[in-house]
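Each chain, written out:
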Amino acid sequence: MKKNKSIIGKIIITLIVFVFALSFILPTFLTFMNSFMSEQEISSNYGVIFDMHADESSGDEEGGERVNYHSDLVNLKLIPDMVVGSQYEAVLLKSPDYLMKFWNACFLVIPIVIGQLLVALGASYSFMRFRGRLKEIIFFVYIILMLMPYQVTLVPNYLVADKLGILDTRWSIILPGVFSTFSVYLLTKYMRRIPEAIIEAAQLDGANEWQIFKSIVIPLCKGPITSVAILVFIDYWNMVEQPLIMMSNSYYHPLSVFLSQINSGEIGLAFAVATIYMIPPILIFLYGEEYLIDGISSMTGVKG
């Protein structure tokens, strides 16, 4: 009886996990499959979302603008009736604007990831090696800033960027990203778990601070560094508010801004663009999955 109950319990848990996994995978699969739909099929299935003149709607006046609420159900289709590649042809060959916005995202995110890691490694090593009341107060301020949503710091960042004269440039997004506190906190918590005996042994062998940092600390932090890089990349790859606030010139906007502003004439393109835009984070996650899991488990003290 106990064995049967154990088997039934495992089956139930497996089914629950499967349902949750399917729920997470379904939007990605839906986006990918719908990117091969024809414009007519997309319009018939999803046009109701953008149809501002639907028969069954009730309008309210808000700020002089009529807002419609639709009772029609959206027809979510997993498999298109006819597979076409016109969306990808338009994105990749006929509309260079989309590829330019894709590269804009790369030009913003890659410097942020590299710069944030460099700053975080130096700051984290300092917090680890040189303790003191002032350092602990500064680290506590780092934690407070990390807990704040970025919408809170967006206005101060805007004012500082305005004073520095870097508004409407990529630097207005790159510099705040480079000096974000997220990486500093995570790497500091891990570095402080490195046994002091290892550092003392290196000092007895005549190693200076730079040699300890380069030859001991960084190799021991390989997993957490990779984990932080992946998390930072995914976070800034999906940013929308920062480019909209900091850069009035849409020429510099990343592709994520376009995905947040699609209209009825761009639904099909949006599916293709979203599919292309998902490729870098998915590849990075698949490549660094082992490091990500190992790094998170190391930073939280959980061993598999």
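Structure: above.
Attention in this report is confined to the structure presented alongside it.

Definitions and cut-offs
- Residues numbered from 1 in each chain as written.
- Predicted model: local features only at pLDDT ≥ 70, side-chain atom pairs only at ≥ 80, totals over all residues.
- Heavy atoms only, no water.
- Axes fitted to C-alpha atoms, helices over the stretch in contact; angles between N-to-C directions.
- Helix = DSSP H or I, 4+ residues; strand = E, 2+ residues; numbered from the N terminus.
- Parallel < 35°, antiparallel > 145°, perpendicular 65-115°, else oblique.
- Contact = heavy atoms within 4.5 Å.
- Nonpolar A, V, L, I, M, F, W, Y, C, P; charged D, E, K, R; others polar.
- Left-handed = near helix turned anticlockwise from the far one by under 90°.
- Patch = residues over 30% accessible without salt bridge, like charges linked within 9 Å, V, L, I, M, F, W, Y side chains within 5 Å.
- Areas by Shrake-Rupley, 256 points an atom, 1.4 Å probe, with all protein chains shown as cover.
- Salt bridge = Lys/Arg side-chain N within 4 Å of Asp/Glu carboxyl O.
- Buried < 20%, exposed > 50% of the residue type's maximum accessible area, 1.4 Å probe, protein only.

Notes on the packing of helix H4 (residues 96-129) against helix H10 (residues 209-220)
Packing of H4 against H10 leaves a shortest axis separation of 12 Å and a crossing angle of 110 degrees. One finds that H4 runs roughly perpendicular with respect to H10. Of the residues in H10, those touching H4 at Leu121, Tyr125, Met128 and Arg129 are Glu209, Ile212, Phe213 and Val217. Its residues placed into classes, the contact of H4 with H10 shows six nonpolar, no polar and two charged.

Observations regarding the packing of helix H9 (residues 196-204) against H10
Here H9 crosses H10 at 145 degrees, and the two axes come no closer than 10 Å. The handedness of the crossing between H9 and H10 is right-handed. Across from Ile198, Ile199, Ala202 and Gln203 in H9, the residues of H10 making contact are Glu209, Ile212, Ile216, Val217 and Leu220. Looking at the contact of H9 with H10, its residues break down into seven nonpolar, one polar and one charged.

Points about a nonpolar patch on the surface
Together, Ile8, Ile12, Ile16, Phe20, Phe24, Ile25, Leu26, Phe29, Leu78 and Ile79 make up an exposed nonpolar region whose accessible area comes to about 1000 Å². Within the secondary structure, isoleucine 79 sits in the loop between strand S2 (65-70) and helix H3 (86-94). When its relative accessible area of 53% is taken as the criterion, isoleucine 79 is described as exposed.

What is shown is where atoms sit, not what they do.
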